[in-house]
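An overview of the molecular structure
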Amino acid sequence: MNKNKFFNTQMIVEAGIMLALSVILAQFKLYKMPQGGSISLKLLPLMIFAIRWGAPAGMIVGAIFGVITLIIKPEIVHPIQVILDYPLPSSLMGIAGLTYLNNKSEFKGYIPFIILSYLLRLVVHFLSGIIYFAQYTPKGMSPVYYSFIYNITYLGPELLIFLVFMGLFWKYLTTILKKQM
């Protein structure tokens, strides 16, 4: 394999597999929110891909997943809302591919970046909720408060589920996550 190429054949094939797994997992929701959003494991394959191949590749594949999600189940109220709700938050999951440790086989090095990726996803969905979905805010409640509570209600548990899953299965995943270049 040519180590100088950003995308090689193996990476592209794995990206396709992880995208397919994410689309399948998106169909199985643990909890569905009334105005969109859900708790599922759909982002797990994308984050595993990002950890294996790095943040830049993970962000590109995440953005592709956002576009696929838009095609499958679009909810469009404004062109900027489309970006805020589909490719941007999914691409931010690629940040999970960063680590602060030199030893990339230790899970604890990825935890802050996994949390950061979810926090940035929360910010993007929060802004979309304030700007484009304020009409769903109950009377007497601030759209800012409602958007935050609404989005943290499903993103918080999803993050916890992901961290627990990765923590439990990290030892088994490390053999898969090693780059074979």
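Quantities reported herein were computed from a predicted structural model and do not represent experimental measurements.

Parameters and conventions
Residues numbered from 1 in each chain as written. Predicted model: local features only at pLDDT ≥ 70, side-chain atom pairs only at ≥ 80, totals over all residues. Heavy atoms only, no water. Helix = DSSP H or I, 4+ residues; strand = E, 2+ residues; numbered from the N terminus. Expected span 1.5 Å × (residues − 1). Buried < 20%, exposed > 50% of the residue type's maximum accessible area, 1.4 Å probe, protein only. Arc of directions from axis to C-beta. Polar contact = N/O pair within 3.5 Å; in protein donor to acceptor, adjacent residues only side chain to side chain. Axes fitted to C-alpha atoms, helices over the stretch in contact; angles between N-to-C directions. Parallel < 35°, antiparallel > 145°, perpendicular 65-115°, else oblique. Left-handed = near helix turned anticlockwise from the far one by under 90°. Contact = heavy atoms within 4.5 Å. Nonpolar A, V, L, I, M, F, W, Y, C, P; charged D, E, K, R; others polar. Patch = residues over 30% accessible without salt bridge, like charges linked within 9 Å, V, L, I, M, F, W, Y side chains within 5 Å. Areas by Shrake-Rupley, 256 points an atom, 1.4 Å probe, with all protein chains shown as cover. Salt bridge = Lys/Arg side-chain N within 4 Å of Asp/Glu carboxyl O. UniProt positions renumbered as here; feature names shortened; annotations may be inferred.

**Overview of helix H1 (residues 9-26)**
Here H1 is 18 residues long and its end C-alpha atoms lie 26 Å apart, about the 26 Å a rise of 1.5 Å per residue gives. Among all positions in H1, only Gln 10, Met 11, Glu 14, Ala 15, Met 18, Leu 19, Ser 22 and Ala 26 are buried. Seen along its axis, H1 keeps its buried residues to an arc of 165°; they face one direction. If you check the start of H1, you find a side-chain oxygen 3.1 Å away from the backbone N of Gln 10, and it comes from Asn 8.

**Some thoughts on the packing of helix H2 (residues 44-53) against helix H3 (residues 55-72)**
Where H2 meets H3, the closest approach of the two axes is 7 Å, and the angle between their N-to-C directions is 155°. Taken together, the axis directions place H2 and H3 in an arrangement best described as roughly antiparallel. Crossing hand, H2 versus H3: right-handed. Residue-level inspection shows Leu 46, Phe 49, Ala 50 and Trp 53 of H2 in contact with H3, the latter providing Ala 55, Ala 57, Gly 58, Val 61, Gly 62 and Phe 65. Considering only residue class, the contact of H2 with H3 consists of eight nonpolar, two polar and no charged.

**A closer look at a nonpolar patch on the surface**
There is a patch of nonpolar side chains on the surface, built from Met 141, Tyr 145, Phe 148, Ile 149 and Ile 152 and spanning about 430 Å² of accessible area. Assignment of secondary structure puts Ile 149 in helix H7 (residues 143-177). Looking at Ile 149, the relative accessible area reads 34%, which means it is partly exposed.

**So, the UniProt feature "transmembrane region" (unreviewed entry) in the protein chain**
Cross-referencing UniProt, the feature "transmembrane region" (unreviewed entry) maps to residues 12-31, 43-71, 113-134 and 154-173 in the present numbering. Within residues 154-173, the helical portion is 100% and the strand portion 0%, while the C-alpha atoms at the span's ends are 25 Å from each other.

**Some words on the side chain of Asn 8**
Structurally, the position occupied by Asn 8 is in the segment before H1. You can call Asn 8 buried: its relative accessible area is 4%. A distance of 3.1 Å separates a polar atom in the side chain of Asn 8 from the backbone nitrogen of Gln 10. Only 2.8 Å separates the side chain of Asn 8 from the backbone nitrogen of Met 11, close enough to count as a polar contact.

**Topic: the environment of Ile 152**
Structurally, the position occupied by Ile 152 is in helix H7. Overall, Ile 152 belongs to the partly exposed group, its relative accessible area being 32%. Separated by 30 residues in the primary sequence, Ile 152 and Leu 122 have C-alpha atoms spaced 7.0 Å apart. With sequence-adjacent residues up to four places away left out, Ile 152 is seen in contact with Leu 122 and Pro 157.

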